[in-house]
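Each chain, letter by letter, is given below.
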Amino acid sequence: MPLLFTRTLFLIRRGKVVHSSNFRRNVTVVSQISEEVSKLLDLKAQLGDDGPPQKFTLKTPKGTRDYSPQQMVIRNRVLDKIITVFKRHGAETIDTPIFELKEVLTGKYGEDSKLIYDLADQGGEILSLRYDLTVPFARFLAMNKISNIKRYQIAKVYRRDNPAMTRGRYREFYQCDFDIAGQYDPMIPDAECVKVATEILSSLELGDFIIKVNHRRLLDGLFEACGIPASSFRAACSSVDKLDKTPWEEVRAEMVGEKKLDPDAVDRLGEYVRMNGGEELADTLLADPKIGGTAAAKEGLQGIKLFLKYCKLFGLSSEISFDLSLARGLDYYTGIIFEAVLLGETAEDSVANKSKENSAREVGVGSVAGGGRYDNLVGMFDSKGRAVPCVGISIGVERIFSILEANVARQKAASGEVLRTTEVEAFVASAQKNMLTHRMELCRDLWDAGIKVEMSYKQNPKLLAQLQYCEERGIPLALVIGESEVEKGIVKVREVTSRKEEDIPRDSVATEIRKRLPQCS
């Protein structure tokens, strides 16, 4: 605290006032000084100079999480499999900033725009955290004048949503995007995006799943045919998009009560949006004079039929469901839309342990991927409005992480198997004291040979503690050295699980480790 302030405060507390020839000696001066001192005392209290530091709850922010080494192993396995599929289909990768100019993101997400995180204005650019990877990708294409690319990107996105972390719903989470940009014949890239999603979900062994598909032009035609005003199409679309989680009665109440849509029009719409099937449903709707007679619906249905044809050629007939309830509320979609949903048995079927035929009823346990065609998004960023047709799919891996973590926990409880968090192939151990120099030299030689090894950081560790460390970490081999081994120029190679031991010439240890690893894994 400044000395002048301290002295002044002391004098006032003792009932004295420091006088100056420039001050009038009256009570007004005292009042003014007292007021200023009072302000300074308040400021000091706020700064907390005299009191103990304030306590706070140590936690991650709402809707976020840390990843332990065990969880990182699961996450990296998932991402490795996803990247393998992306590369199999010829995709190359890019990266973009986690924040964008706010105007880049504004007006792209419909009602979900309220979930965008805006950053505080610090006297520079007005910025927001990215909501997804699609809009930044479109900005990237327009800014770099790219008209053809097949790209993948794996990065975090941010949404100011109400998190449900037990169901893999966060405010900060990873998305894994695969997109094809360019002018191509209809539905060929679209079908490949769905093929990519099915390969990923199959490789992760998550159980049965289904890919729901629909067409935004068909939805527009349905709304028109049912009497929904064109100005309310997007509002109706965002309500229909909730049908996977919300009963029709609640969706209808929202459309009529909150969005003031005509009840009769909503009821007519309800007859259609609960339909699902395959190519036969598309034929049925084309034959419906109310729907088939609408230009937008007819365009969408013809697109769906072509899409289903190409999916069949890719071997995807059993995984695809043409579902009129699928709407995907984002404003930028213009054509085919799709969503991958994991399936599971109903609770009563599981408890009753009924026959396979009777337990065939399945319920969705979560959407894990979604996407569609967005032909106009890039043109929104181009100064001349030049469009680059795009289609893509995004894998929501947080939900997948949650499922696989639960599976691993059950497996560990059942078998006691250790989930390895490192890739160490051998542990250099000493059987006696004063072996640190020899251990370090052996580690050096093995590292130089490309072998993954580690050792204890104690000068004279106990052998039992070293071997227990190997067992706890799942390290397959222990390389034991002592005075006798050093004199003979050998290393005792011990298989940790079987406890078999064999003396190997020191110069051959790297070769021996490579030979034994497949047998130990």
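Please refer to the structure higher up on the page.
Here the structure is a predicted model, which means the values were calculated and not measured.

A few points about the overall build of the protein
Moving on, step 1. A count of helical and extended segments in the protein gives 19 helices and 16 strands.
Moving on, step 2. Split into buried and exposed, the 521 residues of the protein put 45% on the buried side.
Moving on, step 3. Across the protein, the fraction of contacts at a sequence separation of at least 24, relative to all contacts at a separation of at least 6, is 69%.
Moving on, step 4. By element, 51% of the accessible surface of the protein is carried by carbon and sulfur atoms, the whole surface being about 28,500 Å².

Things to note about the pattern of salt bridges
Any two side chains of opposite charge can pair, given that their charged atoms come close.
Moving on, step 1. Counting across every chain of the model gives 30 salt bridges.
Moving on, step 2. The residue E405 makes a salt bridge to R65 at a minimum N-O spacing of 3.1 Å. Here E405, found in helix α15 (residues 397–415), pairs with R65, found in the loop between α2 (27–47) and α3 (69–88); they are 340 residues apart in sequence, far enough to count as distant. Exposure class is identical for E405 and R65. Each is buried.
Moving on, step 3. Between E199 and K195 there is a salt bridge, with its nearest N and O atoms 4.0 Å apart. Of the two residues, E199 and K195 both sit in helix α6 (residues 188–203), four residues apart, roughly one turn of that helix.
Moving on, step 4. With a relative accessible area of 17%, E199 lands in the buried category.
Moving on, step 5. Put simply, E495, E502, E512, K515 and R516 are held in one network by salt bridges that share partners.

Thoughts on the layout of surface pockets
Moving on, step 1. What the second largest pocket holds in volume is close to 1,100 Å³.
Moving on, step 2. Every residue lining the second largest pocket is counted, 39 residues in all, and those nearest its centre are R77, E417, V418, L419 and R420.
Moving on, step 3. Of all elements in the fold, only α3, α15, α17 (463–473) and α19 (509–520) reach the threshold of two or more residues within the lining of the second largest pocket.
Moving on, step 4. At seven residues, α3 tops the list of elements feeding residues into the lining of the second largest pocket.
Moving on, step 5. Taken together, the residues of the lining of the second largest pocket break down into 16 nonpolar, 11 polar and 12 charged.

Focus: the packing of helix α9 (residues 248–258) against helix α10 (residues 263–273)
Moving on, step 1. The contact between α9 and α10 brings their axes to 10 Å, and the two run at 145 degrees. In the packing of α9 onto α10, the handedness of the crossing is right-handed. Counting all contacts with α9, which are made through W248, R252, M255 and V256, the residues of α10 involved are P263, V266, D267, L269, G270 and V273.
Moving on, step 2. The residue inventory of the contact of α9 with α10, partitioned by class, reads seven nonpolar, one polar and two charged.

What to know about the sheet that holds strand β16 (residues 501–505)
Moving on, step 1. With mixed pairing, five strands are arranged side by side in an open sheet as β13-β12-β14-β15-β16. Edge positions in the open sheet fall to β13 (453–455) and β16, since each of these has one partner strand only. Averaged over all neighbouring strand pairs, the angle between strand axes comes to 30 degrees, with direction disregarded.
Moving on, step 2. Examined bridge by bridge, strand β12 (residues 426–430) and β13 share three bridges and lie parallel to one another. Bridge pairing links F427 to E454 in β13.

Some thoughts on the packing of aromatic side chains
Moving on, step 1. Inspection of every chain in the model, using the stated rule, returns 10 aromatic pairs.
Moving on, step 2. Measuring from centroid to centroid gives 5.8 Å for Y332 and Y374, while their planes differ by 65 degrees, and the two rings are edge-to-face. Taken together, the residues Y332 in the loop between β8 (320–323) and β9 (336–345) and Y374 in the loop between β10 (362–373) and β11 (390–396) connect sequence positions 42 residues apart. The residues Y332 and Y374 share a single accessibility class, namely buried.
Moving on, step 3. Cluster of aromatic residues (ring-pair linked, three or more members): Y109, Y131, Y332, Y333 and Y374.
Moving on, step 4. Just above the ring of F137 sits the side chain of R151; from NZ or CZ to the centre is 4.1 Å.
Moving on, step 5. Taking the ring centre of Y131 as reference, the NZ or CZ of R159 above it sits at 3.8 Å.

How each quantity is defined
Residues numbered from 1 in each chain as written. Predicted model: local features only at pLDDT ≥ 70, side-chain atom pairs only at ≥ 80, totals over all residues. Heavy atoms only, no water. Helix = DSSP H or I, 4+ residues; strand = E, 2+ residues; numbered from the N terminus. Buried < 20%, exposed > 50% of the residue type's maximum accessible area, 1.4 Å probe, protein only. Contact = heavy atoms within 4.5 Å. Areas by Shrake-Rupley, 256 points an atom, 1.4 Å probe, with all protein chains shown as cover. Salt bridge = Lys/Arg side-chain N within 4 Å of Asp/Glu carboxyl O. 1 Å grid on protein atoms, 1.4 Å probe; cavity = no way out; pocket = protein on both sides within 12 Å on 5 of 7 lines; lining within 4 Å. Points joined across faces, edges and corners; volume = space filled by probe spheres on them. Nonpolar A, V, L, I, M, F, W, Y, C, P; charged D, E, K, R; others polar. Axes fitted to C-alpha atoms, helices over the stretch in contact; angles between N-to-C directions. Left-handed = near helix turned anticlockwise from the far one by under 90°. Pairing = 2+ DSSP bridges. Phe/Tyr/Trp six-rings, centres within 6.5 Å; stacked < 30°, edge-to-face > 60°. Lys NZ or Arg CZ within 6 Å of the ring centre and 35° of its normal.

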